[in-house]
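Topology and contacts: notes
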Amino acid sequence: MAFARIEGEIPGQGYQVSVHEGFPFYITADVFRSLHLSVGQNLTEAEYLELKEVQARRNCRSQAMVYLARREHTGLELTQKLTQKGYETGIIRTTLDQLAEENLLSEYRYALLTIEQRQRKSPEGRILMAQRLAAKGVNREDANRALDELYHEEAIVEYVQRAYTQAEQKVGADKVRMQLQKKGFSSYEIRLGLEGFEKSE
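If you're wondering where the values come from, they're calculated on a predicted model, not measured in any experiment.

**Topic: the side chain of histidine 73**
Relative to the assigned elements, histidine 73 resides in the loop between helix H2 (45-70) and helix H3 (75-84). Reaching out from histidine 73, the side chain makes a polar contact with the backbone oxygen of arginine 71 at a distance of 3.0 Å. In terms of polar contacts, histidine 73 uses its side chain to reach the side chain of lysine 81, at 2.8 Å. Excluding residues that lie within four positions of it along the chain, histidine 73 makes contacts with Tyr67, Leu68, Leu78, Lys81, Leu105, Ser106 and Tyr110.

**A look at the sheet that holds strand E4 (residues 42-43)**
In spatial order, the strands read E3-E2-E1-E4; together these four strands make up an open sheet with antiparallel pairing. The open sheet has two edge strands, strand E3 (25-27) and E4, and neither has a second partner. Pairing of strand E1 (residues 4-10) with strand E2 (residues 14-19), which is carried by five bridges, proceeds in the antiparallel orientation. Counterpart to isoleucine 10 in the pairing with E2 is glycine 14. Set on the sheet, H2 makes contact with E1, E2, E3 and E4; between it and E3 the angle comes to about 65°.

**Digging into H3**
Among all positions in H3, only Gly75, Glu77, Leu78 and Leu82 are buried. Axial view of H3: buried residues confined to an arc of 160°, hence all on one face. Looking at the residues trailing H3, positive phi occurs at glycine 86, about 95°.

**What to know about the nonpolar core**
The biggest cluster of nonpolar side chains holds 27 residues, and the ones touching the most others in it are Ile115, Leu133, Tyr151, Leu180 and Phe185. Residue assignment for this core shows that the elements contributing at least two residues are helix H5 (107-121), helix H6 (126-135), helix H7 (140-150), helix H8 (153-171), helix H9 (176-182) and helix H10 (187-200). With eight residues, the single largest contributor to this core is H8. Apart from residues lying up to four places away in sequence, leucine 180 is in contact with Val160, Ala163, Tyr164, Phe185 and Ile190.

**Topic: the packing of aromatic side chains**
Overall, the coordinates contain four aromatic pairs when judged by the stated rule. Each ring, one from phenylalanine 25 and one from tyrosine 48, has its centre 5.6 Å from the other, and the planes form 75°; the classification is edge-to-face. One end of the pair, phenylalanine 25, is in strand E3; the other, tyrosine 48, is in helix H2, with 23 residues separating them in the sequence. Comparing phenylalanine 25 with tyrosine 48, the two get one shared label, buried. On the numbers, 5.2 Å between centres and 65° between planes, the contact of tyrosine 151 with tyrosine 159 is edge-to-face. The burial state of tyrosine 151 is the same as that of tyrosine 159; both residues are buried. Taken together, the aromatic side chains of Phe3, Phe25 and Tyr48 make up a single cluster linked through ring pairs. In this structure, arginine 145 is placed above the aromatic ring of tyrosine 108, and the distance from its NZ or CZ to the ring centre is 3.6 Å.

Basis of the calculations
Residues numbered from 1 in each chain as written. Predicted model: local features only at pLDDT ≥ 70, side-chain atom pairs only at ≥ 80, totals over all residues. Heavy atoms only, no water. Helix = DSSP H or I, 4+ residues; strand = E, 2+ residues; numbered from the N terminus. Polar contact = N/O pair within 3.5 Å; in protein donor to acceptor, adjacent residues only side chain to side chain. Contact = heavy atoms within 4.5 Å. Pairing = 2+ DSSP bridges. Axes fitted to C-alpha atoms, helices over the stretch in contact; angles between N-to-C directions. Buried < 20%, exposed > 50% of the residue type's maximum accessible area, 1.4 Å probe, protein only. Arc of directions from axis to C-beta. Core = buried A, V, L, I, M, F, W, Y, C linked by side-chain atoms within 4.5 Å. Phe/Tyr/Trp six-rings, centres within 6.5 Å; stacked < 30°, edge-to-face > 60°. Lys NZ or Arg CZ within 6 Å of the ring centre and 35° of its normal.

This is the structure in structure tokens:
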């Protein structure tokens, strides 16, 4: 007796794979066609398990692409979300490796966008931003690459001056330096920004 059998297509669910003992599962039409399967085909246990893994990889990738279509993600974020959806660790890791290889998953792009969005809203120093990226799971190489690109001297001056203006309105001129330090700006960054203020006056 066959371990499993491919049944007919059920609209909205796919092709049902029934098991002699256990619950059935469904395979999508694209997997059905790509593996040249047929309705009524009997499967051994090994074939059944392989088919189930192929479908799980396909579903995992599809779900990951849904998340990436909404916004950039880190590998850590996607791993957490896909784990909550019930995908196995090995399948998630393989999926993310493939997406990164195809440049569909990019922690470098994620880091750039995070820095740009944060600096427009509430500027921070490089040290604090590096900590923020690490907490989100951005790998060190991509984080440093993005930080190097967006924390050149001209940008630092702009960040510090914007943060200075915000801090002055919030805490007063006498506490601005302390507020800038809390925002993660180093002594060098603060000095560079304030020198830019003096030159513009």
